[in-house]
Amino acid sequence: MNEKLSRTTMVPIVSAEVFEIEAKLCTPYKLTEGVLIATQAVLVKLTDADGVVGWGEANPAETVDGETPAGVLTVLKDKLLPLVLAAPEPAPGNIDALVDAVVPSHLCAKGAITMALLDILGKRLNVAVATLLGGPLRRSLPVLWPLSNGTAEEDIPIIEERAAQGFSSFMLKMGTSPITSEIKRVAALQARYGERVKFIADANQGWSLDQAREFLAGIAGSKVAFVEEPLATDVIAGMAQLSNASQLPLSADESIIDLTDASQLARAGAATVFSIKSSKNGGPLRAQRIAATAEAFGISCYMNSMIEFGITQAASLQHAVTVRNLVDAGHAFMSTMRLVEDPTDFSSFVRNGIVHLPDRAGLGVEIDEDHVRRLTTARFVLGAEK
């Protein structure tokens, strides 16, 4: 331990600074719910009594978890951060339990706090967050590249460009085109790329049960790695029916918010892959429990993202390298590369289609605070301003 630090593992947090930030996407992203041209996040900067700084990030998505940046700001300011500032020894796990006793939901906001506290704890102990989560099993992972709702003809130039950069897994966003068109899209891409490229189909809850059945039957002979969140309603019962009838793996994404959701899906046999998003699931500690539940049921994990900035991407990576039951495909660590600007150096971790765990303490990501402030649309400080 750094001799300048207090000898206790954690000391009180004396300052909490919160920023709402926004950045445009390099290329608009067509999803089931519309076209995304920019993304917002809420960043949390915590400073302890020894001057150690930790950063967290919340990525609210109203269509997925019902949370908004404004709601995250409010609950952080009025409910959650006052608890953190009042804690004499704010260990991440203890704070995670404490905030649940006060606010039952708002997992994104809670996750941002947990990320920041884990960042501080790792820096105080001079170890990576991955070590705090049980230790890394690997130092790198293949990275996936996402493709908008569209056609094979629109996909091919992007696949060619990114494949030349080392990417070998691609997610096909679906849910808005006719099922017959989506089946033809998969067939055309598989005919062109064969075993060289892995594809994931993601309908973002865009289909009825009959549409999902039609799609799965139409691509039954394909090598699609898995089909993610096909159903808009009756997800657990419907996914269980689809899983029993199809040889292709099905993934649950939007339907997994917390551990209860994961347990219900696992018991129902509704998915063979769990899509884990660190912010949506409430931070690395909660995401770790979801991954453990998946492992207990023989379910694989896909590390996903929500158009995130580098802090959440770093937190997800620190967790990902500790997970034993990862799906054999690329994982979503390309998010910062899709943004016009990101105030972290996370993009430098992705080289030749592979993301590498940095050799640094805490979350391992560097934050340009001046850049954060340039992107800021709202801000507040609790405690002593640092």
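Everything below is about the structure printed above this text.
So, a few notes on the structure that sits alongside this text. Nothing here was measured: the structure is a model prediction, and the numbers come from that model.

### Quick notes on the overall build of the protein
Then, in step 1: When its secondary structure is counted, the protein shows 13 helices and 14 strands.
Then, in step 2: Seen through its principal axes, the protein has C-alpha atoms that stretch 60 × 40 × 35 Å.
Then, in step 3: A burial count over the protein gives 57% of its 386 residues as buried.
Then, in step 4: Look at the contacts in the protein between residues 6 or more apart in sequence, and 75% of them connect residues 24 or more apart.

### With respect to the pattern of salt bridges
It is possible for side chains of opposite charge to pair when their charged atoms get near one another.
Then, in step 1: What the rule picks out here adds up to 20 salt bridges.
Then, in step 2: Between D100 and R286 there is a salt bridge, with the nearest N and O atoms lying 3.1 Å from each other. Residue D100 is found in helix α3 (residues 92-102), and its partner R286 is found in helix α11 (residues 284-296); the two are separated by 186 residues along the sequence.
Then, in step 3: A salt bridge links K198 to D328, with the nearest nitrogen and oxygen atoms 3.1 Å apart.

### A look at the nonpolar core
Then, in step 1: By size, the foremost hydrophobic cluster in this structure holds 95 residues, and its most contacted members are F215, F274, L317, F333, F346 and V355.
Then, in step 2: Excluding residues that lie within four positions of it along the chain, F274 makes contacts with S251, A252, I256, A262, L265, A266, I290, A294, I299, S300, C301 and Y302.
Then, in step 3: In terms of nonpolar packing, the next biggest core, distinct from the first, is built from 30 residues, I13, V72, L81 and V103 among them.

### Focus: the side chain of N304
Then, in step 1: For N304, the position within the fold is in the loop between β11 (300-303) and α12 (310-320).
Then, in step 2: Judged by its relative accessible area of 6%, N304 falls in the buried class.
Then, in step 3: Reaching out from N304, the side chain makes a polar contact with the side chain of S275 at a distance of 2.8 Å.

### So, the sheet that holds strand β9 (residues 250-252)
Two strands in a sheet stick together by hydrogen bonds in their backbones, pointing the same way (parallel) or opposite ways (antiparallel).
Then, in step 1: What the seven strands build is an open sheet, ordered β5-β6-β7-β8-β9-β10-β11; its pairing is parallel. Each edge of the open sheet carries a strand with a single partner, namely β5 (144-147) and β11. Sheet twist, expressed as the average angle between the axes of neighbouring strands with direction ignored, equals 30°.
Then, in step 2: In the sheet, strand β8 (residues 226-228) pairs with β9 via two bridges, with the strands oriented parallel. Bridge assignment links E228 to a residue of β9, and that residue is S251.

Rules and cut-offs
- Residues numbered from 1 in each chain as written.
- Predicted model: local features only at pLDDT ≥ 70, side-chain atom pairs only at ≥ 80, totals over all residues.
- Heavy atoms only, no water.
- Helix = DSSP H or I, 4+ residues; strand = E, 2+ residues; numbered from the N terminus.
- Buried < 20%, exposed > 50% of the residue type's maximum accessible area, 1.4 Å probe, protein only.
- Contact = heavy atoms within 4.5 Å.
- Salt bridge = Lys/Arg side-chain N within 4 Å of Asp/Glu carboxyl O.
- Core = buried A, V, L, I, M, F, W, Y, C linked by side-chain atoms within 4.5 Å.
- Polar contact = N/O pair within 3.5 Å; in protein donor to acceptor, adjacent residues only side chain to side chain.
- Pairing = 2+ DSSP bridges.
- Axes fitted to C-alpha atoms, helices over the stretch in contact; angles between N-to-C directions.

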